[in-house]
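# Fold and geometry: a report
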Amino acid sequence: MRQRLDAIRNRALVVGIIAAVLCIIGAFLDPQQFLRSYLVAYVFWLGIPLGSLAILMLHHLVGGRWGFVIQRLLEAAVNTFPMMAVLFLPLIIGIRRVYPWAASAAAGAHPVVAGKDVYLSPAFFTARAVFYFAVWIACGYALTKWSREQDRGEASFIGRLQNLSGPGLALYALTATFSAIDWIMTLEPEWYSTIYGMIFMVSHGMAALAFAIIAARLLADDPPLAGTAAPAQFQDLGNLLLALVMFWAYLSFSQFLIIWAENLSEEIPWYVRRATGAWRYLAMLLIIFQFTLPFLLLLSRAAKRRAHVLAWIALLVLVMHWADLLWLTTPGFHPFRLYLHWLDAGVFAALGGLWLAAFTHYLGATALLPNDPRFVEALREAEAT
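Residues numbered from 1 in each chain as written. Predicted model: local features only at pLDDT ≥ 70, side-chain atom pairs only at ≥ 80, totals over all residues. Heavy atoms only, no water.

### Concerning the overall build of the protein
Quick reminder of the rule: What counts as a helix is a DSSP run of H or I of at least four residues, what counts as a strand is a run of E of at least two, and both are numbered from the N terminus. Based on C-alpha atoms, the radius of gyration is set beside the globule rule, defined as 2.2 Å times the residue count to the power 0.38. Here's how the labels work: a residue is buried when its accessible area is under 20% of the maximum for its type, exposed when over 50%, partly exposed in between, all with a 1.4 Å probe on protein chains only. Working rule for contacts: check all heavy atoms of both residues, and any pair within 4.5 Å makes them a contact.
The helix and strand tally for the protein stands at 17 helices and zero strands. The C-alpha atoms of the protein give a radius of gyration of 21 Å, which matches the 21 Å a tight globule of 385 residues would have. Taking the principal axes of the C-alpha coordinates as reference, the protein spans close to 65 × 40 × 40 Å. Considering the protein as a whole, with its 385 residues, one finds that 51% of them fall into the buried category. Pairs at least 24 apart in sequence give 83% of the contacts found in the protein among residues at least 6 apart.

Pasting the structure below:
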């Protein structure tokens, strides 16, 4: 197991470094495009630890064998928050190249934007980002630290984890909502949606759970997960992924339906840019491969109990999540035409390689299964039945 994790870490680090060198060259050639591609890739890779944080806290509140199987995977993802905080610096430095409101000449260009001058300022933007990361890092640190203490036989830490997870989920909802508004919605500051933050929260959960399913499948054949990550656990994970896919589709359609019914000049152009030209084909692909196909496949009990089949479904969800982020962000830069640049893939590989290297490092530094009395009892019940 350790050798496999070391091999994955080394390969991911090599890919990340090579891609990073190429992207640095691309940043000198076209700094604006580099930052635009960086934003999409960054939001994608940050979404995995964000979703992991939410699922981890939910697991501590409700328990369940499904959560114990992926708990260490979630904790390893959460441990990458400090690295992601450092990687946010390019967006702070290049804020005026990415966000139209950050340039003083564009601050009052639109009457709707004119009333947001205080909120849409580089200093306040940076301060909010610092607050978001402080909350995420603090919650993640406490959850992982107390989990390690619990491994030593301290049952009292179960109560601490539960007491933190309730308020922690509320803080996660607040910070995840405002970070989505700050980093993505303000790319087109004249537009707004009250459902936007919730859509991103569900997307974080989908991405994190899909990644955890893939990682669990890759490690399921070796101890200690061998025999523990049984078909019943993967079925539970598949059911949860199905619920998130359905909730994402519900929220996305609700946002579209509300804006279509209101027919306001401030809101309609956002969808027009994404439903005309070549972007409409990507929208159709999202409907088919982000919702319809995963929904139909995850209805099958047999598919969810076969770990390799479920992992392929999760991979599809993860890939389409990246496509969804492209659909949400890039039309703000290039309306009415589908525009993809080599830096989109290059920065994605660079950040992904570095993040995976950090993830596998943290995963290999601890036991892959928690020493939790609730988990031991759940295993005994499973053996008895």
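### Describing helix H1 (residues 2-29)
Working note: α-helix, 3.6 residues per turn, so residues spaced by three or four point in the same direction. Using the following cut-off: For a helix, the expected span equals 1.5 Å multiplied by the number of residues minus one.
Look at H1: 40 Å from first C-alpha to last across 28 residues, which is about the 40 Å you get at 1.5 Å a residue. The complete set of buried residues in H1 reads Leu5, Ala12, Gly16, Ala19, Cys23, Gly26 and Ala27. In this fold, the buried residues of H1 make contact with helix H2 (31-62), helix H10 (196-219) and helix H16 (342-364).

### Remarks on the packing of helix H11 (residues 231-262) against helix H12 (residues 268-275)
When two helices pack together, their arrangement is given by the angle between the helix axes and by the axis-to-axis distance. Applicable threshold: For helices, the fitted line uses only the C-alpha atoms of the stretch in contact; every axis is such a line through C-alpha atoms, and the angle between N-to-C directions lies from 0 to 180 degrees. Roughly parallel here means an angle under 35 degrees, roughly antiparallel means over 145, roughly perpendicular means 65 to 115, and every remaining angle is called oblique. Left-handed describes a crossing whose near helix is turned anticlockwise from the far helix by less than a right angle; the clockwise case is right-handed. Note on residue categories: nonpolar means Ala, Val, Leu, Ile, Met, Phe, Trp, Tyr, Cys or Pro, charged means Asp, Glu, Lys or Arg, and polar means any other residue, Gly included.
Interhelical geometry of H11 versus H12 gives an angle of 120° and a closest axis separation of 9 Å. Classed by the angle they form, the pair H11 and H12 counts as oblique. Pair H11 / H12 crosses with left-handed handedness. Counted together, Ser252, Gln255, Phe256, Ile259 and Trp260 of H11 and Ile268, Trp270 and Tyr271 of H12 form the full contact between these two elements. Residues of the contact of H11 with H12, tallied by class, amount to six nonpolar, two polar and no charged.

### Comments concerning the nonpolar core
Note the following rule: For the purposes of this section, nonpolar cores are sets of buried Ala, Val, Leu, Ile, Met, Phe, Trp, Tyr and Cys residues that join through side-chain atoms within 4.5 Å.
The biggest cluster of nonpolar side chains holds 123 residues, and the ones touching the most others in it are Tyr42, Ile70, Tyr99, Trp136 and Trp183. Ranked by residues supplied to this core, first place goes to H2 with 18 residues. When neighbours within four sequence positions are excluded, Trp136 is seen to be in contact with Leu46, Leu50, Leu53, Phe81, Thr175, Ala176, Ser179 and Trp183.

### A closer look at a nonpolar patch on the surface
We apply this condition: Patch membership needs two things, relative accessible area over 30% and no salt bridge, and members are linked within 9 Å if like-charged or within 5 Å if nonpolar (Val, Leu, Ile, Met, Phe, Trp, Tyr). Note on areas: these come from Shrake-Rupley sampling with a 1.4 Å probe, and a residue is covered only by the protein chains present in the view. Salt bridge, as used here, is a side-chain nitrogen of Lys or Arg placed within 4 Å of a carboxyl oxygen of Asp or Glu.
Taken together, Leu13, Val14, Ile17, Ile18, Val21, Leu22, Ile25, Leu29 and Trp342 make up a surface patch of nonpolar side chains, about 890 Å² in accessible area. Considering each element in turn, the nonpolar patch owes the most residues, eight residues, to H1. By the secondary structure assignment, Leu29 is in helix H1.

### Details of the confidence of the model for the protein
Heads up, the rule is: Residue-level confidence of the predictor, termed pLDDT, takes values from 0 up to 100.
Looking at the protein as a whole, its pLDDT mean stands at 90, while 93% of the residues score no less than 70. When pLDDT is averaged over each element of the protein, helix H4 (residues 81-87) comes out on top at 98 and helix H17 (residues 373-384) at the bottom at 64.

### A few points about the packing of aromatic side chains
Cut-off, in case you're wondering: Aromatic pairs are defined between Phe, Tyr and Trp rings, using the six-membered ring for Trp, whenever the two ring centres lie within 6.5 Å; interplanar angles under 30 degrees are classed as stacked, those over 60 as edge-to-face, and all others as tilted. The rule for a charge over a ring is simple: NZ of Lys or CZ of Arg within 6 Å of the ring centre, and within 35 degrees of the ring normal.
Across all of its chains, the model carries 35 aromatic pairs by this definition. Pairing Trp355 with Phe359 gives two aromatic rings, centres 5.3 Å apart and planes at 10°, and the pair type is stacked. Of the two residues, Trp355 and Phe359 are both situated in helix H16; the distance of four residues between them amounts to about one turn of the helix. When its relative accessible area of 0% is taken as the criterion, Trp355 is described as buried. Using a relative accessible area of 3% as the deciding quantity, one classes Phe359 as buried. One residue, Arg160, lies across the ring of Trp146, its end atom 5.8 Å from the ring centre.

### Considerations on the packing of helix H13 (residues 279-298) against helix H15 (residues 307-329)
Two elements in contact, H13 and H15, have axes separated by 10 Å at closest approach and are oriented at 155°. By the angle class used here, H13 and H15 are roughly antiparallel. The handedness of the crossing between H13 and H15 comes out as left-handed. Contacts between H13 and H15 pair Trp279, Leu282, Ala283, Leu285, Leu286, Phe289, Gln290, Leu293, Pro294, Leu297 and Leu298 from the former with Leu310, Ile313, Leu316, Val317, Met320, His321, Ala323, Asp324, Leu326 and Trp327 from the latter. The residue inventory of the contact of H13 with H15, partitioned by class, reads 18 nonpolar, two polar and one charged.

### A word on unusual backbone geometry
For Asn263, which is not a glycine, the phi torsion comes out positive at approximately 55°. Mapped onto the fold, Asn263 is located in the loop between H11 and H12. Asn263 sits in the exposed class, given a relative accessible area of 57%.

### Considerations on the environment of Leu293
Secondary-structure assignment places Leu293 in helix H13. Expressed as a C-alpha distance, the spacing of Leu293 and Ala142, which sit 151 residues apart in the sequence, is 38 Å. Not counting residues up to four positions away in its chain, the partners in contact with Leu293 are Ile288 and Leu316.

### Comments concerning the environment of Ala180
With respect to the helices and strands, the residue Ala180 is situated in helix H9 (residues 157-183). For the pair formed by Ala180 and Leu219, sequence separation is 39 residues and the distance between their alpha carbons is 32 Å.

### A look at the pattern of salt bridges
Inspection of every chain in the model, using the stated rule, returns eight salt bridges. One salt bridge connects Asp6 with Arg9, and the closest N-O pair in it is separated by 3.5 Å. Of this pair, Asp6 and Arg9 both sit in helix H1, separated by three residues, roughly a single helical turn. You can call Arg9 partly exposed: its relative accessible area is 26%. Asp182 serves as the salt-bridge partner of Arg128, at 2.7 Å between the closest nitrogen and oxygen. With Arg128 in helix H8 (residues 122-151) and Asp182 in helix H9, the pair connects residues that are 54 residues apart, well separated along the chain. Taking the relative accessible area as the measure of exposure, Arg128 reaches 7% and is therefore buried. Judged by relative accessible area, which is 0%, Asp182 ranks as buried. Salt bridges here are not isolated pairs; linked through shared partners, they connect Glu188, Glu190, Arg273 and Arg274.

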